[in-house]
Amino acid sequence: MDLRILQTFVVAAKFENFRQTAEALFIAQPTVTQHIRLLEKELGIELFDRVGKFVKLTPAGKRFLPHASALLAGWQAGTEDLLAWQQGYSENLHIAVSPVIARSSLPGLIRHYTKRYPEVDISIRIADSLEIGRLVQSGQVDLGLSRMVPGEFQLDAHLIQTDPVVFAVPLNGGDIEAPLPDWEQELTGNLLLTHNHPGYWEDLLLALRQRGLSFRTMTITHVDITKRFIEEGLGVSFLPRSAIARELFENRFIELETPGLVLPQAASYLVVSKTGCSQTAKQMIDILGSLYPPLPLIRSM
């Protein structure tokens, strides 16, 4: 079986249009038709119904599609593994990381790891903290670096480090010499962009309301989008300092003090399976322990 024919079938099943399939695969449309006919001849059954310019999977086509996709995925995994072996990699490490940690702590961590273990092929999956526990528990990754303690069973969560949360506002008129505005006036005069971090917003909003402050909120569940809105003057927010370090350094944001309001700490956690870790995961845990000693166990299910 020519795997190119299988690939044509899978892409055609996605688009249900041979012209779009040809454009996606950079081949001629007659070649798409030929591939599908060859596959149908080999299987002895029609995979598509032709309806004018469009095609639709037959019941047989729907049944065969997951098998074809699995064959292609297996081939891709095999070729990637062989390529890694040719490049000198002998082991793998799969990590799920929250976006904030990926932009702040992860580069230094990876630098330490690759220097000590150059033979390990590292795969990094950027995922929301809410998703990381599931990825670790299902075995899709060896470990996770998350901004929250996971709710899944059979996982251990170790505190790596804490990060102060600060009140971030845009630079007022671009004048860094101008007097700093009052934080309560900035809060009540702007949209407060909330829930961009999974760990502290409910308690923080309660503390703000208890001060009798009146303000409007907008939920934005991603730190990068929150920062973009702040930069465009569309709101203000409370963010981990590490998440806005560059903006503060480049004088695009101002960190306002909040007298009378105790701000929370954002935390980073190592998430691992309680049933055991791969050798490469243990190596990463050792490096984390050397960089952020100790790693206290926060929760063990």
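All values reported here derive from a predicted model rather than from experimental measurement.

Rules used throughout
- Residues numbered from 1 in each chain as written.
- Predicted model: local features only at pLDDT ≥ 70, side-chain atom pairs only at ≥ 80, totals over all residues.
- Heavy atoms only, no water.
- Core = buried A, V, L, I, M, F, W, Y, C linked by side-chain atoms within 4.5 Å.
- Buried < 20%, exposed > 50% of the residue type's maximum accessible area, 1.4 Å probe, protein only.
- Helix = DSSP H or I, 4+ residues; strand = E, 2+ residues; numbered from the N terminus.
- Contact = heavy atoms within 4.5 Å.
- Expected span 1.5 Å × (residues − 1).
- Arc of directions from axis to C-beta.
- pLDDT = per-residue confidence, 0-100.
- Polar contact = N/O pair within 3.5 Å; in protein donor to acceptor, adjacent residues only side chain to side chain.
- Pairing = 2+ DSSP bridges.
- Salt bridge = Lys/Arg side-chain N within 4 Å of Asp/Glu carboxyl O.

**Focus on the nonpolar core**
By size, the foremost hydrophobic cluster in this structure holds 21 residues, and its most contacted members are Leu-93, Ile-95, Leu-143, Leu-145, Leu-270, Met-284 and Leu-288. Among the secondary structure elements, those contributing two or more residues to this core are strand S3 (91-97), helix H5 (99-103), helix H6 (106-116), strand S5 (143-146), strand S11 (265-273) and helix H12 (279-291). With near-sequence residues (within four places) excluded, Leu-145 lies in contact with Ile-95, Ala-96, Val-97, Ser-98, Ile-101, Leu-106, Leu-109, Ile-132, Ile-160, Tyr-269, Leu-270 and Leu-288. Core analysis: the second largest hydrophobic core is formed by 20 residues, Leu-171, Tyr-200, Phe-215 and Ile-254 among them.

**Some points on H12**
With 13 residues, H12 should cover 18 Å at 1.5 Å per step; its first-to-last C-alpha distance of 19 Å lies within 8% of that length. Within the sequence span of H12, burial applies to Thr-280, Ala-281, Gln-283, Met-284, Ile-287 and Leu-288. Looking down the long axis of H12, one finds its buried residues gathered within 155 degrees of arc, a one-sided arrangement. Contact partners of the buried residues in H12: S3, H6, strand S4 (120-126), S5, strand S6 (155-170) and S11.

**Concerning the confidence of the model for the protein**
Averaged over all residues, the pLDDT of the protein is 87; the fraction at 70 or higher stands at 93%. The element-level mean pLDDT for the protein is lowest in strand S12 (residues 297-300), coming to 64, with strand S7 (residues 191-194) highest at 96.

**Brief notes about the side chain of Thr-8**
Summarising the element assignment, Thr-8 is placed in helix H1 (residues 3-15). Among the polar contacts listed, one links the side chain of Thr-8 to the side chain of His-35, at a separation of 2.8 Å. Dropping the residues within four chain positions of it, Thr-8 is found in contact with Thr-21, Leu-25, Ile-27, Val-32, His-35 and Ile-36.

**Describing the pairing of S7**
Covered by surrounding structure in S7 are Leu-191 and Leu-193 together with Leu-192 and Thr-194, the residues of both alternating faces. Examined bridge by bridge, S7 and strand S8 (residues 216-219) share 4 bridges and lie parallel to one another. In the strand pairing of S8, Leu-191 is matched with Arg-216.

**Here we look at the pattern of salt bridges**
One pass over the structure, following the stated rule, counts 15 salt bridges. Arg-103 is the salt-bridge partner of Asp-224, the closest N and O atoms lying 2.9 Å from each other. Taken together, the residues Asp-224 in helix H10 (residues 223-231) and Arg-103 in helix H5 connect sequence positions 121 residues apart. By relative accessible area, which is 30% here, Asp-224 ends up partly exposed. The closest approach of N and O atoms between Arg-211 and Glu-184, which form a salt bridge, is 2.8 Å. With Arg-211 in the loop between helix H9 (201-210) and S8 and Glu-184 in helix H8 (residues 183-188), this residue pair connects regions lying 27 residues apart in the sequence. On the accessibility criterion, Arg-211 (34% relative accessible area) is partly exposed. Ionic contacts of the salt-bridge type, sharing partners, join the residues Lys-227, Glu-231, Arg-246, Glu-247, Glu-250 and Arg-252 into one network.

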